[in-house]
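Read off the chains here:
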Amino acid sequence: MTLFEKIAAREIPARIVHETDELLAFHDVNPQAPVHVLIVPKRVIPRIADAAATDAELLGKLLLAAREIAQQLGVAESGYRLVINSGRDAGESVPHLHVHLLGGRHLTWPPG
């Protein structure tokens, strides 16, 4: 079971900000911005590189949830960044697809 599956099963506590039958969103325990939320599908897809065409609807729901959460947390107007890491060199630390929503400060480019 991945860390995110344990959070979804309520085996590990998290500050949940959004939940549907298919998705869970919660504050990152090591935030990199004033707003740093992880949006996770409850069904495990190890990484975006492993997503299939049949996952298209779920992937779209991840992005639409990000929009809703950004509005809910007050960063939609000022701006926010969505990040998906795929693979070791990209900084992937949990083999369970997730979207980072970062906001609440000026974010520089290029990232790290």
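Scroll up to find the structure.
Residues numbered from 1 in each chain as written. Predicted model: local features only at pLDDT ≥ 70, side-chain atom pairs only at ≥ 80, totals over all residues. Heavy atoms only, no water.

## Topic: the nonpolar core
Basically, it comes down to this: The criterion is simple. A nonpolar core is a set of buried Ala, Val, Leu, Ile, Met, Phe, Trp, Tyr and Cys residues joined through side-chain atoms within 4.5 Å. Think of it in three bands: with a 1.4 Å probe and only protein chains considered, a residue is buried below 20% of the maximum accessible area for its type, exposed above 50%, and partly exposed in between. Secondary structure follows DSSP: runs of H or I at least 4 residues long count as helices, runs of E at least 2 residues long count as strands, and numbering of each begins at the N terminus. By the convention used here, residues are in contact when the closest approach between their heavy atoms is within 4.5 Å.
Grouped together as the largest cluster of nonpolar side chains are 17 residues, with contacts concentrated most on Ala-25, Val-37, Ile-39, Leu-62, Ile-69 and Leu-101. No other element matches the 6 residues that helix α2 (residues 56–72) contributes to this core. Setting aside residues up to four positions removed in sequence, Val-37 forms contacts with Val-17, Ala-25, Phe-26, His-27, Asp-28, Ile-69, Leu-73, Val-99, His-100 and Leu-101. The next biggest cluster of nonpolar side chains, apart from the first, holds 7 residues, and it includes Phe-4, Phe-26, Leu-38 and Val-94.

## Focus: the pattern of salt bridges
Operational definition: When a carboxyl oxygen of Asp or Glu is within 4 Å of a side-chain nitrogen of Lys or Arg, the pair counts as a salt bridge.
Counted according to the given criterion, the structure contains 7 salt bridges. The salt bridge involving Glu-19 is made with Arg-10; its shortest N-O contact spans 2.6 Å. Classification of Arg-10 as partly exposed rests on a relative accessible area of 46%. The closest approach of N and O atoms between Arg-47 and Asp-50, which form a salt bridge, is 3.0 Å. Overlapping salt bridges bring together Arg-10, Glu-19 and Lys-42 as one network.

## Some details on the sheet that holds strand β1 (residues 16–19)
Put simply, the rule is: A pair of strands is considered paired only if DSSP assigns at least 2 bridges between the two. A fitted line through C-alpha atoms serves as each axis, taken over the contacting stretch for helices, and the angle formed by two N-to-C directions is quoted from 0 to 180°.
Taken in spatial order, the 5 strands line up as β1-β2-β3-β5-β4 in an open sheet, and their pairing is antiparallel. Looking at the sheet topology across the chains shown, the edges are occupied by β1 and β4 (80–83). Averaged over all neighbouring strand pairs, the angle between strand axes comes to 20°, with direction disregarded. In terms of strand pairing, β4 meets strand β5 (residues 99–103) through 4 bridges, oriented antiparallel.

Fair warning: the whole summary comes from geometry, so function is off the table for now.
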